[in-house]
Amino acid sequence: QEQLVESGGGLVQTGGSLRLSCVGSGRTFKNYATGWFRQAPEKDSEFVAAITWGGGTTYYSDAVKGRFTISRDNAKNTVFLQMNSLKPEDTALYYCATDPQLKVLVTTLPPNWGQGTQVTVSS
C-alpha cells in the first residue's frame, strides 16, 4: 500500500498562501492519480483537487477553483497544492490519496490513512 506523508500546513491570515506537499513512498505513486481532500471540524470530508499521474489533467472543487493549484514532480514522488487567497472556510485537516483513476478520486472520498496537515486561516 502506498504510504503518503503530508506537510506544509500552518496558521495564516485571510488572503495568505500556503503550499502543501504530499510525498509518496511506494512504487505506484508516480503511476497513479493523486487527490487532495480536507475535513473541517465536525464536518464531512470533501474533495479539493486532483491530478493525473502525468500531470496533464487537473480537477478542482468549485470552492477552490481559481485559488488553488495542484501540480506534481514525479522525480521527487511529490504532489503539491498551492493555496492562494486563503479564506477562514479553508480551515481544515488536509490529506492526500492516490488511485489509478482520476475520476475515482473526484467522485469518492477515500479515508485519511496518514496524519494529514492542518491548515488554519484566521480572519
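Heads up: the structure comes first, above all this text.
Basis of the calculations
Residues numbered from 1 in each chain as written. Predicted model: local features only at pLDDT ≥ 70, side-chain atom pairs only at ≥ 80, totals over all residues. Heavy atoms only, no water. Helix = DSSP H or I, 4+ residues; strand = E, 2+ residues; numbered from the N terminus. Salt bridge = Lys/Arg side-chain N within 4 Å of Asp/Glu carboxyl O. Core = buried A, V, L, I, M, F, W, Y, C linked by side-chain atoms within 4.5 Å. Buried < 20%, exposed > 50% of the residue type's maximum accessible area, 1.4 Å probe, protein only. Contact = heavy atoms within 4.5 Å. Phe/Tyr/Trp six-rings, centres within 6.5 Å; stacked < 30°, edge-to-face > 60°. Lys NZ or Arg CZ within 6 Å of the ring centre and 35° of its normal.

This paragraph deals with the environment of Thr98. As for its position among the elements, Thr98 is in strand E9 (residues 92-99). Sequence separation between Thr98 and Gly24 is 74 residues; the distance between their C-alpha atoms is 9.2 Å.

On to the pattern of salt bridges. Counted according to the given criterion, the structure contains 4 salt bridges. The salt bridge involving Asp90 is made with Arg38; its shortest N-O contact spans 2.9 Å. Remark: Arg38 occurs in strand E4 (residues 33-39) and Asp90 occurs in the loop between strand E8 (78-83) and E9; sequence separation between them is 52 residues.

The biggest cluster of nonpolar side chains holds 24 residues, and the ones touching the most others in it are Trp36, Val48, Phe68, Ile70, Leu81, Met83 and Tyr94. When residues of this core are traced back to their parent elements, those giving at least two are strand E3 (18-24), strand E5 (45-51), strand E7 (68-73), E8, E9 and strand E10 (117-122). Sequence-distant contacts of Tyr94, that is, excluding residues within four places in its chain, are made with Glu6, Leu20, Trp36, Phe37, Arg38, Val48, Phe68, Leu81, Met83, Gly116, Thr117 and Val119. Residues Ala33, Phe47, Ala50 and Leu105 belong to the second largest nonpolar core, which totals 8 residues.

This model, assessed by the stated rule, comprises 3 aromatic pairs. For the pair Phe37 and Phe47, a centre-to-centre distance of 5.9 Å together with 70° between the ring planes defines the contact as edge-to-face. One end of the pair, Phe37, is in strand E4; the other, Phe47, is in strand E5, with 10 residues separating them in the sequence. Classification of Phe37 by relative accessible area gives buried; the value is 0%. Residue class for Phe47 comes out buried when judged on its relative accessible area of 11%. Between Phe37 and Tyr95, the ring centres sit 5.7 Å apart and the planes meet at 25°, which makes this aromatic pair stacked. In this pair, Phe37 is assigned in strand E4 and Tyr95 in strand E9, connecting sequence segments 58 residues apart. Across this residue pair, the class does not change: Phe37 and Tyr95 are buried. Cation over ring: Arg19 sits above Phe80, and NZ or CZ is 4.1 Å from the ring centre. Of note, Arg72 hangs over the ring of Phe29, and the distance from its end group to the ring centre comes to 5.3 Å.

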